[in-house]
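Examination of the molecular architecture
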Amino acid sequence: MELKNDLFAANRGMARLLQWVNLRPEESDRTFLMFAFYTTVSVGLRWAEDSTVALFLDEYGAGPLPWMYIASAAMGAGMVFVYSWLQKIFPLRWVIVAIAPCMVAPLMLLVLLRWGVHFSYLSVIVVFLMRLWVDALYVVNDLNTSIVANQLFNIREIKRTYPLVSSGLLVADVISGFSLPWLLQFAKLNKVILIACAVIILGAGILSYLSHQYQAAFPDAPQRLVTQEQASRHRRIQAPLRRYTWQLFAFVGLLQVIALLVDFQYLRELKSNLGEQELASFLGLFGGIVGLCELATQWFVSSRLIERIGVFFTAALLPISVGFIVPGAIALLNLLPGLQSQGIFWGLVSLKFCDELLRYTFVISSGPVLYQPIPERIRSRMQALSGGTAEAIATGLAGLLILVTVLFCERFVPISLQKWVLVIETVLAAATCLKVVWVLRSRYVDLLVLSAERGELSATNVGLRVFKQGVVKALREKGSTADKHSCIELLAQIDPQGVSQVLAPLLIELNPDLQRQSLEVMLMAGANSAYVLQVRSLLEQPQGTVDPEIFALALRYVWLAEANPNLSQLEEYLQARHHSLIRATAAALILRQGTPMQKVAATKTMRRMLTHKQERERINGVKALREAVYLQALRIHIPNLLQDESLRVRCAVLEMIAATHLEEYYSALLGALYYKSTRSTAMRALIRLENEALEMLLQLATNNYKPEVVRMYAWRTIAQISTQEAMETLWLHLETSWGATRYHILRSLLKIQKQPEITGAVDRFQHSRVESLIDQELKFLGEIYAAYLDLQKQQTLENHQSCKRVAIVCELLQRALQELELDVKERLLLLLRLLYSPEKMQAAAFNLRSQSAVNLARGLEILEHTVNLPTKSLLLNILDKRSHQEKLHYLVEAKFAEYEQMPVSDRLRKMLTLGNFLSDWCLACCFHVAQVSRIRLTSVEILVALRHPTGFVREAAIAYLNVVSRRVLLELLPKLQKDSHPLIAAQVKELMKKYPVKNYN
């Protein structure tokens, strides 16, 4: 069934109009006001331009026009700098409103001066200045409009709204073109210019009203008055911002060069093929056709195409068409017999048509979007400098290029090939422009991410040899101990096998904390006889100068590294005069390698330590047991140690169980996951067991009757077991799980995604899996939106309008569905993080969670330029702020959902068939709605709810039975008494009081 759009039921005509021009209701007021302002000012400018051109040609003729172009470029660049300078002195709102009247005032003064001047040479100068000033007005007006649009609309809105706003220039061409001849019948040129000035001031009045209505969009302070936080943020992105600005400068300049090259070839070809009368007629017809095409494209195509394929692909259409497609067609036409004479003519006409159409539709619509990644504080000023100045400079350079090319061709190039030189230059300029667009696109996304302040540094990009040199230098020089700890930790992560080579020579120079960390890292890498001498130097230090923990670690390293250790020397360390940690370490090493008599002595030492009254003795004894191969008689002490009053002793026992692989005590490791105090230790111990712990962790993680927090940490532990079996287990259960379980698995996968081998595996093998999971989530969203809309339909509640309780419960279910939608969106973002750059996805997710429309638009823009899935467009619409009805419409169009309006009873039954997909609260709300609406449910659905692990779901099912099927409830009440949940116990007790025991039979 086709979805009907009733978003604007009060005004269907306006709704249809907004759909035609691809606008949303919240954008319409701003857009139409901007359109009215730009059209009004452009009409006045066009009247002023045509009038001053007529005066100029009357005074000077066409000969001095090139000098006018050069002077106009210089004047435009100067006005851009003045405009930028004004933003430093005054608030932006003052500048944008006052700039047009301030520039119109000198033009009016020049007109009045020409009326009052009786000297011909002064009149000539005034006409020249008037023409020059109107060109400057054009530059400032276009710049002003673009800046206002960037302030009023966010990065997503501007793609839809600016094509309509910029079409004001095209509409102004039509209005002014038809109205100027009529106006000249009643007024002379000087009066027309004054009327044009009045119209421009009227447009400025519309802009003043617009800026007043949306004051929040414009900064109150001048750009020079910024907070310290803003200045600091700007410094952090200064380098990438500078590169991006230069790329923008090059892009704008190259577009202007292409325009002038095409225009020169087009006009020269027309002049050589047409007479004066034919030329005027052709220009009029061509301009009319192009204008109609541009207007239709701006209103109905531009915004949709920019949204669908992106701002950079639409901007690239111009250099692709003008630089490759059309020149290629011209070359082919010239190869065909009989078409050589007309091929170049119509080819250049087509070239001009493509340039005009694409430039004044897609390019002009894309322009303001390119400035959106620039921080708002400096955006308008950067836009003024890079946009306005680039065009002026490019105009001058293009003029020089054309002049040099013409002179060169006249002297050195045959006449038959002269036309092709400029065509080749156009192709080269277009190719360069295309390259700039490609680079600009990558810098655009990077700058968006940086401006979101969510970038991360990846250690995989660090050169290993250089990094090792840096670690050695950092550890030897003076500096923060915390920084040195971080260096050692990072080195152990990046190169665990080569860590001993770096740290062993430095041991004697490090402070005790760093020595301890270094020895622990070296032992994790495995004791190596090549480094025994460096480690033994710690044991040879004067007695009492070496920390006991460091001495014990060194002792352990030396005796494990040597092939034939002298264990009799270890017996000396069993004496009571030595520190408990040293005694325990020596005893554990003897238990590993000693003779029977030596092991007896070591066992006695360990037993005394494990039963000692002092906590430190017990901890050190348990720590030493981690290195023992056979615990023998010491096993009997483990149960008591697991119940020890000291938390540190219990944690040490957990680590020892994993280190010695005591299978009979693995249940203690799982039990420790239930308590916050021992959870991290239990996780480390289970990770150490690797695949040995996989099965029992999986049983715990998939048991829905266990606490959710425990299941979450079980999944996290599985994720950190760095084996292929553990990774495949996660992916298999990711595909079969749903809801909170899928969320926990995704978070667990993302915590280990930064490892290069894991990331590569995702890229190669799991991409299709993730895509299918995204499709699955989108299909579920379709069910959510369908249920929400059916609950919202007024006719579904017609029979319950007098029942307030029904309305309240239905509203609760709608809220539960909204929460369910948020959960799905969060999982979608996590799935995308598995496929794409974590930094970009993190920045996008951060902005999408924001309540700010500007931040939301920034997040969507990052996704648009990062994601390349077939469902990208659908994902952007789903994550955007749209109504549920619109989102369901998009899902139906993409064939991810089918929608047919249902009564609440049918919709509820269909939702309960998706019980595993629903959240616990949503499932409970379904039963409450069924209860108050007396909807009949199947026995299977009821029994599943009665066995549900969550108490309030069982409570809702019992309450439903109490209303709908009391006989079944009476049969179940005796069994329900055994429920351990206090909520159910209280409910059953109350029901048993209400219904005497005799009724149970």
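Residues numbered from 1 in each chain as written. Predicted model: local features only at pLDDT ≥ 70, side-chain atom pairs only at ≥ 80, totals over all residues. Heavy atoms only, no water.

Along its length, the protein carries 44 helices and 0 strands. Within the protein, contacts between residues at least 6 apart in sequence are counted, and of these 75% link residues at least 24 apart. With an accessible surface of roughly 47,800 Å², the protein has 58% of that area assigned to carbon and sulfur atoms. (Helix = DSSP H or I, 4+ residues; strand = E, 2+ residues; numbered from the N terminus. Contact = heavy atoms within 4.5 Å. Areas by Shrake-Rupley, 256 points an atom, 1.4 Å probe, with all protein chains shown as cover.)

A contiguous nonpolar surface patch, about 490 Å² in accessible area, is contributed by Ile 393, Leu 397, Leu 400, Leu 403 and Leu 407. Residue position: Ile 393 is located in helix H13 (residues 376-412). The exposure class assigned to Ile 393 is partly exposed, which follows from its relative accessible area of 40%. (Patch = residues over 30% accessible without salt bridge, like charges linked within 9 Å, V, L, I, M, F, W, Y side chains within 5 Å. Salt bridge = Lys/Arg side-chain N within 4 Å of Asp/Glu carboxyl O. Buried < 20%, exposed > 50% of the residue type's maximum accessible area, 1.4 Å probe, protein only.)

Next up on the list: unusual backbone geometry. Here the phi dihedral of His 661 falls at roughly 55°; this positive angle occurs in a residue that is not glycine. Looking at the element boundaries, His 661 is found in the loop between helix H26 (647-660) and helix H27 (666-672). The class for His 661 is partly exposed, based on a relative accessible area of 38%. Backbone geometry at Glu 690 places phi at a positive 55°, although glycine is not the residue there. Relative to the helices and strands, Glu 690 is located in the loop between helix H28 (676-689) and helix H29 (694-701).

Ranked by internal contacts, the top residues of the largest apolar core, which has 278 residues, are Leu 778, Leu 863 and Phe 927. With near-sequence residues (within four places) excluded, Phe 927 lies in contact with Leu 912, Leu 937, Glu 941, Ile 942, Ala 945, Ala 956, Ala 957 and Tyr 960. (Core = buried A, V, L, I, M, F, W, Y, C linked by side-chain atoms within 4.5 Å.)

This paragraph deals with the packing of aromatic side chains. Under the criterion given, the structure shown has 7 aromatic pairs. Ring centres of Phe 90 and Trp 94 lie 6.4 Å apart, and the angle between their planes is 35°; this geometry places the pair in the tilted category. Overall, Trp 94 belongs to the exposed group, its relative accessible area being 53%. Between Trp 246 and Phe 249, the ring centres sit 5.7 Å apart and the planes meet at 65°, which makes this aromatic pair edge-to-face. Of this pair, Trp 246 and Phe 249 are both found in helix H9 (residues 238-273), 3 residues apart, which corresponds to roughly one turn of the helix. With relative accessibility at 22%, the residue Phe 249 sits in the partly exposed group. By way of ring pairs, the aromatic residues Trp 738, Phe 780 and Phe 917 are connected into one cluster. In this structure, Arg 716 packs its charged tip against the face of Tyr 713, placed 5.3 Å from the ring centre. A cation over a ring is seen here: Arg 827 above Trp 738, with NZ or CZ 5.3 Å from the ring centre. (Phe/Tyr/Trp six-rings, centres within 6.5 Å; stacked < 30°, edge-to-face > 60°. Lys NZ or Arg CZ within 6 Å of the ring centre and 35° of its normal.)

Relative to each other, helix H18 (residues 512-525) and helix H20 (residues 548-561) sit at 30°, their axes nearing to 9 Å. Viewed along their axes, H18 and H20 adopt a mutual orientation that is roughly parallel. Here H18 and H20 pass one another in a crossing that is left-handed. When H18 is examined against H20, the residues Pro 512, Gln 515, Arg 516, Leu 519, Glu 520, Met 522 and Leu 523 are found in contact with a partner set consisting of Glu 549, Ile 550, Leu 553, Ala 554, Arg 556, Tyr 557 and Leu 560. Tallied by class, residues from the contact of H18 with H20 come to 9 nonpolar, 1 polar and 4 charged. (Axes fitted to C-alpha atoms, helices over the stretch in contact; angles between N-to-C directions. Parallel < 35°, antiparallel > 145°, perpendicular 65-115°, else oblique. Left-handed = near helix turned anticlockwise from the far one by under 90°. Nonpolar A, V, L, I, M, F, W, Y, C, P; charged D, E, K, R; others polar.)

Our next topic: the side chain of Arg 679. Checked against the element boundaries, Arg 679 lands in helix H28. Despite its burial, Arg 679 pairs with no opposite charge, the nearest such side chain being Glu 708 at 12 Å. (Lys, Arg positive; Asp, Glu negative; His and termini not counted.)

Looking at where Val 140 falls in the secondary structure, it is placed in helix H5 (residues 120-152). With a relative accessible area of 5%, Val 140 lands in the buried category. Val 140 sits 57 residues away from Tyr 83 along the chain, and the two C-alpha atoms are 7.7 Å apart. Setting aside chain neighbours within four positions, we find Val 140 in contact with Met 79, Tyr 83, Ile 99 and Met 103.

This next bit is on the pattern of salt bridges. If you walk through the whole model with that rule in mind, you get 19 salt bridges. Between Asp 513 and Arg 516 there is a salt bridge; the shortest N-O distance is 3.3 Å. Taken as a pair, Asp 513 and Arg 516 lie in helix H18 at a separation of 3 residues, close to a single helical turn. Among the residues examined, Asp 513 registers a relative accessible area of 37% and is labelled partly exposed. The partner of Glu 777 in a salt bridge is Arg 742, with the nearest N and O atoms 3.1 Å apart. One end of the pair, Glu 777, is in helix H33 (residues 756-792); the other, Arg 742, is in helix H32 (residues 739-751), and 35 residues separate them in sequence. Several salt bridges converge on common partners, so that one network encompasses Glu 783, Asp 790, Arg 907 and Lys 910.

Moving on, we get to the environment of Thr 595. Along the chain, the position of Thr 595 falls in the loop between helix H22 (580-593) and helix H23 (596-610). Among the residues examined, Thr 595 registers a relative accessible area of 41% and is labelled partly exposed.

What follows is about the confidence of the model for the protein. Averaged over every residue, the pLDDT of the protein is 77; the share at 70 or more is 79%. No element of the protein has a lower mean pLDDT than helix H8 (residues 228-236), at 48, and none a higher one than H29, at 92. Ignoring residues within four places in sequence, the model shows residues 453-463, a span with pLDDT below 50, making 16 contacts including any to other chains. Confidence drops under pLDDT 50 across residues 794-800; counting only partners more than four residues distant or on other chains, this segment forms 11 contacts. (pLDDT = per-residue confidence, 0-100.)

What follows deals with the packing of H22 against helix H24 (residues 615-625). H24 packs onto H22 with a crossing angle of 30° between their chain directions and a minimal axis gap of 8 Å. On the basis of the axis angle, H22 is roughly parallel to H24. In the packing of H22 onto H24, the handedness of the crossing is right-handed. Contacts from Ser 580, Leu 581, Arg 583, Ala 584, Thr 585 and Ala 588 in H22 reach Arg 616, Glu 617, Asn 620, Gly 621 and Ala 624 in H24. Of the residues belonging to the contact of H22 with H24, the class tally is 4 nonpolar, 4 polar and 3 charged.

Okay, H26 next. Compared with an ideal rise of 1.5 Å per residue, which puts 14 residues at 20 Å, H26 spans 20 Å between its outermost C-alpha atoms and is within 8% of the ideal. Counting buried residues in H26 gives 11 out of 14 residues, a clear majority hidden from the surface. At its buried positions, H26 is contacted by H24, helix H25 (638-642), H27 and H28. For H26, the N-terminal cap is Ser 646; the gap from its side-chain oxygen to the backbone nitrogen of Arg 648 is 3.4 Å. Positive backbone phi, approximately 55°, marks His 661, located one or two places after H26. (Expected span 1.5 Å × (residues − 1). Polar contact = N/O pair within 3.5 Å; in protein donor to acceptor, adjacent residues only side chain to side chain.)

As for its placement among the helices and strands, Gln 517 is situated in helix H18. Excluding anything up to four places from it in sequence, Gln 517 contacts His 485, Ile 488 and Glu 489.

This part takes up the environment of Gln 814. Topologically, Gln 814 is positioned in helix H34 (residues 804-835). With relative accessibility at 15%, the residue Gln 814 sits in the buried group. With near-sequence residues (within four places) excluded, Gln 814 lies in contact with Tyr 788, Leu 791 and Gln 792.

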